[in-house]
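Coordinate analysis (summary)
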Amino acid sequence: MQRQHGVPLLLSLGSGVAEPLKPVAQQGGGDAVTEVYIQAFIHEHPACLPIAEIDAMFSDPVPICTELNTPAGSIDNFMVTSSGLPVLVECKLWRNPEARREVVSQILDYAKELSRWSSSDVQREVSHRLKRGGNPLLDMVRAADPLVDEQQFNDALTANLRRGRFLLLIVGDGIREGVEAIAEYLQLHAGLHFSLGLVELPIYVMPNGDRLVAPRVLARTALVTRNVVAVPDGYSVDEVEDPTSVVEIDPERTALGDQSQRFWTDFLDNYLKLDDPEQPKPKPARLGYISFPLPARTSWLTVYRSLHPGRVGIFLSCWRNTPGAYAMQAIVDEWKAEGAVKDQLGGTVKLYKTAGGTVDTIIDSLQVGSLEQPEARKKAFSWLAERVNTFVNVLRPCMRSLAADYQSRGE
């Protein structure tokens, strides 16, 4: 059933008359509320957001900027606490039909992208957005809390970004049919690893022309419901406070996670030797894959194992419409040229259509049999070690060069 809220009443002293206030959104003309208006209002008055009711850990954030650019799009409002906790706000007029679905995918895309960032990435984009040199991010945080230590703040911000420790807020001007279903959709969404709040921000017109803002929490999710967060570059964070409770709830899934982590630990510690000293290694994940970041931001190598039918492999990954995607497409375009990447990679490498069949990626794989058998595991590890090292040696400089070309073109 759709939630209903009463309309605020203005009681005039002495007259006993209760005058219902009208939402600004229902007024015509140039005074109507727009998404830009909501953005600006939140930036100037962040206290209007009932953050403490959603997750007190994110209370009193410092408004940094609006329209922060990311490869996934521009974040309407970006804020951060003095302890390095990011707050992302997406503003939507619920009367816009596309808001109900698009707002979900938009804010999830922003969160996924930021989970690959560090404090340096945030500082760079904030400086670019505000057209200010130095470190305006730290300057604004210190203006709110002069005792903030630069190194501690940067380390905390980077750690929170990598762990997916965000507060995502979807803010709208009023409730419309079906909006509350967004919370249920997010709870079921496999990518939800963040605290999230739906905030209604109705704005009413006073008789004298002033405006009354009446924020209220429509729905929220709890941060403590998260289990394991895996970010695209292979890092994972296990935030389960009581491991025994997980075993009781889903023993098979826990056992599979343990098995995956043992597999990747053995591979990374005992088999993988990289020629490139600048290539960072991921941590052993409790998943069926690990990822190696590449110089072309938003691109990485995914190394995977599949229990059935006992196959291991490696492929090039990227976000769409990014420098990484440009670099990967450039490699694909020259795939059959003599001396091209295909020849340098060798093996049984090939092009493979990704989900939807619209994008080619580069992949190589090997079927080894049951990965529980020592000989099969050894064969898998040896093959993966050679393939990962070769892919890094060939693709890392290639992707770096192509990404630089992308940037120089201003695309």
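Reading guide: rules and limits
Counting of residues starts from 1 at the beginning of each chain's written sequence and follows it residue by residue. Residue-level local features of this predicted model are given only where pLDDT is at least 70; pairs of side-chain atoms are given and counted only at 80 or more, and the full residue set underlies all totals for whole chains, interfaces and linings. Values reported for side chains reflect all heavy atoms of the structure, with hydrogen atoms and water molecules removed beforehand. Here a strand is any run of E in DSSP of at least two residues, a helix any run of H or I of at least four, and the numbering for each starts at the N terminus. The rule is simple: take the accessible area with a 1.4 Å probe, protein chains only, and divide by the maximum for that residue type; under 20% is buried, over 50% is exposed, in between is partly exposed. Pairs of residues are marked as contacts when any of their non-hydrogen atoms sit within 4.5 Å. Note on areas: these come from Shrake-Rupley sampling with a 1.4 Å probe, and a residue is covered only by the protein chains present in the view. Relevant arc is that of directions from the helix axis to the C-beta atoms, nothing else. Take a side-chain nitrogen of Lys or Arg and a carboxyl oxygen of Asp or Glu: if they are within 4 Å of each other, that pair is a salt bridge. In plain words, nonpolar cores are sets of buried Ala, Val, Leu, Ile, Met, Phe, Trp, Tyr and Cys residues tied together by side-chain atoms within 4.5 Å. The criterion for strand pairing is that DSSP finds at least two bridges linking the strands in question. With axes taken as lines fitted to C-alpha atoms, and helix axes fitted only over the stretch in contact, angles between N-to-C directions fall between 0 and 180 degrees. Each angle receives one of four descriptions, namely roughly parallel if under 35 degrees, roughly antiparallel if over 145, roughly perpendicular if within 65 to 115, and oblique otherwise. Residue classes follow a fixed rule: Ala, Val, Leu, Ile, Met, Phe, Trp, Tyr, Cys and Pro count as nonpolar, while Asp, Glu, Lys and Arg count as charged, and any other residue, Gly among them, counts as polar. Each aromatic pair joins two rings of Phe, Tyr and Trp (for Trp, the six-membered one) with centres within 6.5 Å, and gets the label stacked for planes under 30 degrees apart, edge-to-face for over 60, and tilted for any other angle. Should the NZ of a Lys or the CZ of an Arg lie within 6 Å of a ring centre and within 35 degrees of the ring normal, that charge is described as sitting over the ring.

The subject of this paragraph is the overall build of the chain. Helix and strand counts for the chain stand at 12 helices and 18 strands. Relative to its 411 residues, the chain shows a buried fraction of 46%. The long-range fraction of contacts in the chain, counting pairs at least 24 apart against all pairs at least 6 apart in sequence, stands at 63%. As presented, the chain carries roughly 20,200 Å² of accessible surface, and 50% of it is formed by carbon and sulfur atoms.

The complete set of buried residues in helix 1 (residues 35–44) reads I38, Q39, F41 and I42. Across the axial projection of helix 1, the buried residues extend over an arc of 170°, all falling on one side. Facing away from the buried side of helix 1, by more than 90 degrees, are the exposed residues V36 and E44. Packing partners of the buried residues in helix 1 comprise strand 4 (62–70), strand 5 (73–80), strand 6 (86–92), strand 7 (167–172) and strand 10 (211–213).

Counting across every chain of the model gives 10 salt bridges. In this structure, E200 and R216 form a salt bridge, with 2.7 Å as the shortest nitrogen-oxygen distance. Residue E200 is found in strand 8 (residues 195–200), and its partner R216 is found in strand 11 (residues 216–221); the two are separated by 16 residues along the sequence. Comparing E200 with R216, the two get one shared label, buried.

Once that is clear, we can look at helix 5 (residues 136–144). Residues of helix 5 that are buried: P136, L137, L138, M140 and V141. As for helix 5, its buried residues are in contact with strand 4, strand 5, helix 4 (119–130) and helix 6 (150–162).

Bringing the nonpolar core into the picture now. F267, L301, V388 and L395 are the most contacted members of the largest nonpolar core, which totals 39 residues. Looking at this core, the elements that each hand over two or more residues are helix 9 (251–270), strand 14 (289–293), strand 15 (299–306), strand 16 (311–318), helix 10 (323–333), helix 11 (341–345) and helix 12 (374–408). Setting aside chain neighbours within four positions, we find F267 in contact with L272, I290, F381, L384, A385 and V388. In this structure, L161, L168, F194 and L218 belong to the second largest nonpolar core, which totals 33 residues.

The next point concerns the sheet that holds strand 3 (residues 22–23). Read from one edge to the other, the open sheet built from three strands follows the order 3-9-10, with strand pairing classed as antiparallel. Lying at the two open borders of the sheet, with one neighbouring strand each, are strand 3 and strand 10. When strand 9 (residues 203–205) meets strand 10, the two strands line up antiparallel, connected through three bridges. If you follow Y204 over to strand 10, its bridge partner there is L212.

Put simply, helix 5 and helix 6 touch, their axes get as near as 11 Å, and they point 110° apart. Taken together, helix 5 and helix 6 sit at an angle that is classed as roughly perpendicular. Residues L137, L138, V141 and R142 of helix 5 form the contact with helix 6, whose own contacting residues are E150, F153 and L157. Taken together, the residues of the contact of helix 5 with helix 6 sort by class into five nonpolar, no polar and two charged.

Right, let's talk about the environment of L402 for a bit. You can see L402 is positioned in helix 12. Between the C-alpha atom of L402 and that of P323, which follows or precedes it by 79 residues, the distance is 8.1 Å. In this structure L402 touches Y326, A327, A330 and I331, once residues within four positions along its chain are discounted.

Time to look at the sheet that holds strand 17 (residues 350–353). As summarised here, the arrangement of the five strands in space is 14-15-16-18-17, forming an open sheet in which the pairing is antiparallel. Strands at the two margins of the open sheet, each flanked by one partner only, are strand 14 and strand 17. Shown here is a sheet whose adjacent strand axes are inclined to one another by a mean of 30°, direction ignored. Inspection of the sheet shows strand 16 paired to strand 18 (residues 360–367) by five bridges, in the antiparallel sense. By the bridge assignment for strand 18, R311 is matched with Q367. Against the sheet, helix 12 makes contact with strand 14, strand 15, strand 16 and strand 18, and its axis sits at roughly 15° relative to strand 16, the strand it touches most.

A word on the packing of aromatic side chains. Pairs of aromatic rings are described using the distance from one ring centre to the other and the angle between the two planes. Taken as a whole and judged by the stated rule, the model has seven aromatic pairs. Relative to F381, the ring of Y271 has its centre 4.8 Å away and its plane inclined at 35°; by these criteria the two rings are tilted. Residue Y271 is located in the loop between helix 9 and strand 14, and its partner F381 is located in helix 12; the two are separated by 110 residues in the primary sequence. Relative to F315, the ring of Y304 has its centre 5.9 Å away and its plane inclined at 50°; by these criteria the two rings are tilted. You can see Y304 sitting in strand 15 and its partner F315 sitting in strand 16, a full 11 residues away along the chain. Here the aromatic residues F263, W264, F267, Y271 and F381 are joined through ring pairs into a cluster of three or more. In this structure, R305 is placed above the aromatic ring of F263, and the distance from its NZ or CZ to the ring centre is 4.8 Å.

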